[in-house]
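Spelled out from the first residue to the last, the chains are:
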Amino acid sequence: MASPEKPIIDFSYLYSFPDGAQLDNDLAELVRAADDTIDALGQIRRADGKLNNQIVTPDALSPATRALITGEGATGPTGPTGPAGAGSTGATGPIGPTGPSGAVGPVGATGPTGPSGATGPTGSAGLTGTTGPTGPTGAGATGATGPVGASGPTGVTGATGATGIIANGSVTDIKVAVPATPADAVLASKIRTVRSGVGMPSILLSERLKDLPFLEEWGGAGVVVGGTYVNNATAIAAAITEVGQGGLILLRPGLIYGTASTIILNNNQMLAGFEQQGHDYFGSAPVIGAGAGIQWMGGGGTVIEFGATNAPTFTDTTGGGIRNLQIYGANLATRVLRIKAATNAIFENLKIAYPNGGFALELGANATTQGSPFVNNTIRGCSFRNLNVFCNGNANGIYNASNGTEGGITQSYFESIAVQYGYSGSGNGVYLSSMDSSIWKALKITKGAGTNTGISLYLDGAMATGMQVQGNTFEVACGGANSVIYYDGPTSRQNKMVISAVDYEPTILKGATLTNASYPSSTGAELWYEFLGTTQSSAATLVTDKSKTRCPPLQIGNYDNSDRTILDWYEENTFTPGLTFGGAAVGMTFSFQSGFWQRVGRIVRGSIRITLSAKGTSTGAAKITGLPFASTGALGGLSLSFASGMASLIDGIHGEVDATATTFQLYTGSATGSAAMNDTHFTNTGRIDLEFTYRVGS
């Protein structure tokens, strides 16, 4: 057999199918193994198939084979050693020939070399890498400065570039370095800012005050108290337009800014001064934190209006607000501050003063005729804190009117509100007619001495005209003589009031009974209230209307409910019972006349004591009169607990309530049943003590 040929593979399967690279590697291993085998075979045999010459040497043969080739017999076994001779040791014989060396053992086979992996295909060239950083500038010496060339003409000034970002800085210690104006002098205690940081030299913010949005940037000008006011209407309008949605406009502290046109904020904007302690620019009591003033210079109108409701620009302003200002109507403006439509806005540290017969602070807006979506509640979730409100004459301090058109207030928070009103005219301190789910804390209403006939706190819930005041809580104190808290209408309901009577004790009055289609059985307004203080009101000062409620924290509404599972009424009071004979009481006088009643739901229970000093000249059937509620029918009774000075009684006295009336018919016993009592059963000194129970209709 001829020698085999080595295989050759000249095709790659790399791009033929997904595992082509692995197949190329496997075939390369097979070629290498075949090549090694053919090379090893060529060391043993010739191309004719016979062994290579001199491939077999004597050393490769076994001893027996070599003996056969040389003709020597095989060496026999060694015989036993004979006995030692007795003679002397003979001479040493010649050294025998050296025996043949043993065959060298075969060299172990060298282990096969592991297969080399097939060389993979050359990959595509990678992307060129980014250029490395520029090496350091050479250290060569700077050349000599050349001569200064002639100055060229001055080029046109380019536009100012945007201010770059300041990195790695910090801001501390706010003050102004060199006060240039009285306003800057006030800022000197507040606005000095040193910036510092990596790679930045320290600078004073006084050099960059122009970056703050003061009204002066738009041509505004404030004056100190006693100066001549400047009309800033144009500057204010320009500032509002430029700062845009959510913008801030600042007024310098200690200055007063005049305006003859209404300032309108309706795009989440904030108008603010800096907080300043205890300063008062316009008289009466100062308000803490109000650091700049706004002076009205026009005729009737509104100084500041927040939020818009006129189509197509009505805006439910979310956020923004007014802070740290004293706003002065100068007894000229009809409204000093009107908040028309606002959500989550902040109004704090404000003094609002001197309207001319209108409103210092008006809440809500007429939005029914402009297609506004904010008709029901235009003020929602807002915060009012630290307000000082002043007015006199016919002007109202805080005013929220509905009349079926004005937007109301809901879920808002009022805290530390001081209202001063009165002196003359008929203006009210706080008038609310469209508000629900709001909280008033630390409300102080002071009525100025004089002839004013207004109400300190007026809750006007006349639903018939779209006015509802429901579900609000108040912490209120009243100051000044003749202060009145007045609640009126069927939808002035479910309001709770804690009244401090430490300084002055207000009179609490309930308005006239009103009914309408929604509340056909309504007995009018209700108020849950309690007093704090040492001077508990007398019955003459408190509400004497029978449907008032004063039982916190139970807070039963005292309006009729047909659901028999609901306790809808609890009330108790005294009354004056009467006695008639034949429906008259001519010449009748009493030495004692008193009654007490308690109503739970529709059941009325009570006690009566009547003692005559003269029974008079009237004759006929005897009746008790003056019960607190009319009965629903002839379902109720009366019994005697004590009697004296009576005549012809049999088995005491009992009675029956007259149907749908406030009277009891009196009876005594007889042989067959009850007998009606009359004037003959009484003497001029007769006394009866009675207990009664009956059911009312509503």
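**Focus on the overall build of the chain**
Next, step 1: Per the secondary structure count, the chain includes four helices and 41 strands.
Next, step 2: Out of the 698 residues belonging to the chain, those deemed buried represent 39%.
Next, step 3: Entry remark: accessible area of the chain is about 36,600 Å², with carbon and sulfur atoms responsible for 55%.

**Regarding the packing of aromatic side chains**
Next, step 1: In total, this model carries 20 aromatic pairs according to the counting rule given.
Next, step 2: Residues Y399 and Y431 carry aromatic rings whose centres are separated by 5.1 Å and whose planes lie at 15° to one another, so their mutual orientation is stacked. Within this pair, whereas Y399 is found in strand β18 (residues 396-400), its partner Y431 is found in strand β21 (residues 430-432), the two being separated by 32 residues in sequence.
Next, step 3: The class of Y399 is buried, set by a relative accessible area of 15%.
Next, step 4: The exposure class assigned to Y431 is buried, which follows from its relative accessible area of 10%.
Next, step 5: Each member of the aromatic cluster is reached from another via a ring pair, and the members are F306, F347, F384, F414, W440 and F474.
Next, step 6: Sitting above the plane of the F592 ring, R609 keeps its charged end 5.8 Å from the centroid.

**What to know about the sheet that holds strand β6 (residues 263-265)**
Next, step 1: Spatially, β6-β9-β12-β15-β18-β21-β24-β27-β30 is the arrangement adopted by the nine strands of the open sheet, whose pairing is parallel. Two strands in the sheet have a free side with no partner beyond their single neighbour: β6 and β30 (507-510). Taken pair by pair, the neighbouring strands of this sheet meet at an average axis angle of 10°, ignoring direction.
Next, step 2: Bridge count between β18 and β21: three bridges; the pairing is parallel. Its bridge partner being in β21, I398 is matched across the sheet by V430.

**Considering the pairing of strand β14 (residues 346-353)**
Note on strand geometry: in a regular strand, side chains alternate between the two faces of the sheet.
Next, step 1: Across the eight residues that make up β14, a large majority, seven, are buried.
Next, step 2: Where β14 and strand β17 (residues 383-390) come together, seven bridges link them in parallel fashion. The partner of K351 across the bridge, within β17, is N388.

**Section: unusual backbone geometry**
Next, step 1: Despite not being glycine, Q411 has its phi angle at roughly 50°, a positive value.
Next, step 2: As for its placement among the helices and strands, Q411 is situated in the loop between β19 (408-410) and β20 (413-422).
Next, step 3: The backbone phi angle of S437 is positive, close to 55°, even though this residue is not glycine.

**Some details on the side chain of S618**
Next, step 1: With respect to the secondary-structure elements, S618 resides in the loop between β35 (603-614) and β36 (622-625).
Next, step 2: Looking at S618, the relative accessible area reads 9%, which means it is buried.
Next, step 3: Polar side-chain contacts of S618 include one of 2.8 Å to the backbone nitrogen of V586.
Next, step 4: If we skip the residues at most four places from it in the chain, S618 touches F581, A584, A585, V586 and D679.

**Details of the environment of V224**
Next, step 1: You can see V224 is positioned in the loop between β3 (200-204) and α4 (233-243).
Next, step 2: Note: C-alpha distance between V224 and G254 (30 residues apart in sequence) is 6.5 Å.

**Digging into the pairing of strand β7 (residues 270-273)**
Next, step 1: Going residue by residue along β7, you find M270 and A272 tucked away on one face and L271 and G273 tucked away on the opposite face as well.
Next, step 2: Sheet topology places strand β4 (residues 248-251) next to β7; four bridges connect them, and they run parallel. Bridge assignment links L248 to a residue of β7, and that residue is M270.
Next, step 3: Inspection of the sheet shows β7 paired to strand β11 (residues 321-328) by three bridges, in the parallel sense.

**A look at the nonpolar core**
Next, step 1: Ranked by size, the top nonpolar core spans 69 residues in total, and within it I339, L457 and M497 carry the most contacts.
Next, step 2: With residues up to four places along the chain from it excluded, the contact list for M497 reads L457, L459, F474, V476, I485, L527, W528, Y529 and E530.
Next, step 3: Grouped together as the second largest cluster of nonpolar side chains are 27 residues, F581, W597, I624 and L627 included.

Conventions and cut-offs
Residues numbered from 1 in each chain as written. Predicted model: local features only at pLDDT ≥ 70, side-chain atom pairs only at ≥ 80, totals over all residues. Heavy atoms only, no water. Helix = DSSP H or I, 4+ residues; strand = E, 2+ residues; numbered from the N terminus. Buried < 20%, exposed > 50% of the residue type's maximum accessible area, 1.4 Å probe, protein only. Areas by Shrake-Rupley, 256 points an atom, 1.4 Å probe, with all protein chains shown as cover. Phe/Tyr/Trp six-rings, centres within 6.5 Å; stacked < 30°, edge-to-face > 60°. Lys NZ or Arg CZ within 6 Å of the ring centre and 35° of its normal. Pairing = 2+ DSSP bridges. Axes fitted to C-alpha atoms, helices over the stretch in contact; angles between N-to-C directions. Polar contact = N/O pair within 3.5 Å; in protein donor to acceptor, adjacent residues only side chain to side chain. Contact = heavy atoms within 4.5 Å. Core = buried A, V, L, I, M, F, W, Y, C linked by side-chain atoms within 4.5 Å.

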